[in-house]
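# Chain and residue survey
Read off the chains here:
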Amino acid sequence: MKFATKAIHSSYDCDEHNRALMPPIYQNSMFALHEIGEQVPYRYSRLSNPTRQVLEDTVADLEHGAAGFAFSSGMAGIDAVWRTFLRPGDTIVAVADIYGGAYDLLVDVYKEWGVNVVFADLGNPNRLDELLAAHKVKLVWLETPSNPLLRLVDIKALAAKAHAAGALVGIDNTFATPYLQQPLEMGCDIVFHSATKYLCGHSDVLMGIVAVKTKELAKPLHDMMVHTGAIAGPMDCWLVLRGIKTLTLRMEAHCKNALDIACRLEAHPAVEKVFYPGLPSHEHYELAKTQMPKGIGGVVTVYLKNDTREAANSVIKNMKLVKMASSLGGVESLVNHCYSQSHSGVPHDVKMEMGIKVGLLRFSIGIEDADDIWNDISKALDLTL
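Residues numbered from 1 in each chain as written. Predicted model: local features only at pLDDT ≥ 70, side-chain atom pairs only at ≥ 80, totals over all residues. Heavy atoms only, no water.

So the rule is basically this: UniProt positions are given in the numbering used here, feature names are shortened, and annotations may be inferred rather than shown by experiment.
The name given to the chain in an unreviewed UniProt entry is Cystathionine beta-lyase, with Neisseria macacae ATCC 33926 as the source organism. Its UniProt record, at the heading Sequence similarities (unreviewed entry), says of the chain: "Belongs to the trans-sulfuration enzymes family." Here is the UniProt Cofactor (unreviewed entry) comment for the chain, exactly as written: "pyridoxal 5'-phosphate".

### Side note on the overall build of the chain
The test is simple: Counting from the N terminus, the helices are the DSSP runs of H or I reaching at least four residues and the strands are the DSSP runs of E reaching at least two. Values of the radius of gyration come from C-alpha atoms, whereas the globule rule sets the reference at 2.2 Å times the count of residues to the power 0.38. Burial classes: relative accessible area under 20% of the type maximum marks a residue as buried, over 50% as exposed, and values in between as partly exposed (1.4 Å probe, protein chains only). Pairs of residues are marked as contacts when any of their non-hydrogen atoms sit within 4.5 Å. Shrake-Rupley sampling with a 1.4 Å probe provides the accessible areas, and residues are treated as covered by the protein chains on show and by no other component.
Helix and strand counts for the chain stand at 14 helices and 12 strands. Relative to the 2.2 N^0.38 estimate, which gives 21 Å for 385 residues, the radius of gyration of the chain is 21 Å and therefore close to what a compact globule would have. For the chain, the C-alpha atoms occupy an extent of roughly 75 × 50 × 35 Å along the three principal directions. Within the chain, the proportion of its 385 residues that are buried is 56%. Counting only contacts in the chain whose residues sit at least 6 apart along the sequence, the fraction spanning at least 24 positions is 72%. Put simply, the chain shows about 15,900 Å² of open surface, and 53% of that area lies on carbon and sulfur atoms.

### A closer look at the sheet that holds strand 5 (residues 168–172)
The criterion, for reference: The criterion for strand pairing is that DSSP finds at least two bridges linking the strands in question. Lines fitted to C-alpha atoms define the axes here, with helix axes fitted over just the stretch in contact, and angles between the N-to-C directions of these axes take values from 0 to 180 degrees.
If you walk across this open sheet you meet the 7 strands as 1-7-6-5-4-2-3, and the pairing is mixed. With partners counted over all chains shown, the strands left at the sheet margins are strand 1 (67–71) and strand 3 (116–120), one partner each. Going from strand to strand, the sheet's axes swing by 20 degrees on average, the running direction of each strand aside. Pairing geometry for strand 2 (residues 91–95) and strand 4 (residues 137–143), over 4 bridges, is parallel. By the bridge assignment, Ile 92 is partnered in strand 4 with Leu 139. Here helix 4 (residues 100–113) sits on the sheet in contact with strand 2 and strand 3, set at roughly 155 degrees to strand 3.

### A closer look at the pattern of salt bridges
Here is the rule: A carboxyl oxygen of Asp or Glu within 4 Å of a side-chain nitrogen of Lys or Arg is what we treat as a salt bridge.
For the structure shown, the criterion picks out 15 salt bridges. Where Lys 6 meets Asp 61, a salt bridge forms, and the shortest distance between an N and an O atom there is 3.5 Å. Within this pair, whereas Lys 6 is found in helix 1 (residues 3–9), its partner Asp 61 is found in helix 2 (residues 50–62), the two being separated by 55 residues in sequence. In this structure Lys 6 comes out as buried when scored by relative accessible area, which is 11%. Residue classification places Asp 61 among the partly exposed positions, given a relative accessible area of 27%. Between Glu 286 and Lys 289 there is a salt bridge; the shortest N-O distance is 3.3 Å. Here Lys 289 and Glu 286 lie together in helix 11 (residues 285–291), a separation of 3 residues that amounts to about one turn. For Lys 289, a relative accessible area of 44% corresponds to the partly exposed category. Overlapping salt bridges, with partners in common, bring together Asp 121, Arg 151 and Glu 283 in one network.

Shown next, in the form of structure tokens:
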């Protein structure tokens, strides 16, 4: 089956659930046993739940992985991966332009726990060679496209280098989704999604999903999930399953609108620079064409010419359709002031190194009519001139 078909039909047999066409919501904490030691697939929902299992298997299938795991939030999913595969004294190499929450977790928790945390610009794959020579690296953590500047890294090249040195490779695939990019096929071992965003697509769920390439990787991660208990609830799993069924259509619409808006933003006099890898002006445009041939996604980031909090706030306050919000990936268009929102916990000097200016705005372009989105954004931008 091709992707759009698998997104609707994968990992679910209605004959196993009283012929219900849609996966039922098993809102149960426990399941009945008939005798001591009975071996049944479901006993207690922290261990496994039928609704969660369908979602986990579906995402694993879409990512071409051996197993999937659904967590109560994106950060819970990232933490479970790192806690499973890192120990005090180990080294993790993470892309420098990493999501703010992941940065905070590495610096405030894992570094304090004794993990050697190295942030690096991996846009040039040769940089990883230097780091692998200087450190015994346990895990390389990628994020491509990155949040919020949409920088890309060469997944295949970096995975090959990491594996040659005996390191695992994990990747945050949230912005791309498995429709636009399948990192396990490119050499990664672990792929993570904040399902809060595009997989759900309707801004009504908090969830993290991880898929792994092999059963050997699945076993310790499953054990960590069971031991720590940050599992996704059945209702949330059902909502994300529903969202995944329209993922193909939504991502095509997001990509189309985002490219349209990005092109218009480049021509607006209030905008200094537009970050969207689908534009020839982006530093990783050529890599994007080969690594993400179906499309680049729905996030467009800009630097305002007036690089001030006041100008950014003016744009936010004067938009009517586009709302300021902490997340992204819903059907509706949103804007995020990354300096004070997604990367608020990152020190100012590190933000500057990352390129997260005060006058940076990250737009999550929805699937409304593109003209309506643009009219709202452009009128608000005009007021900063």
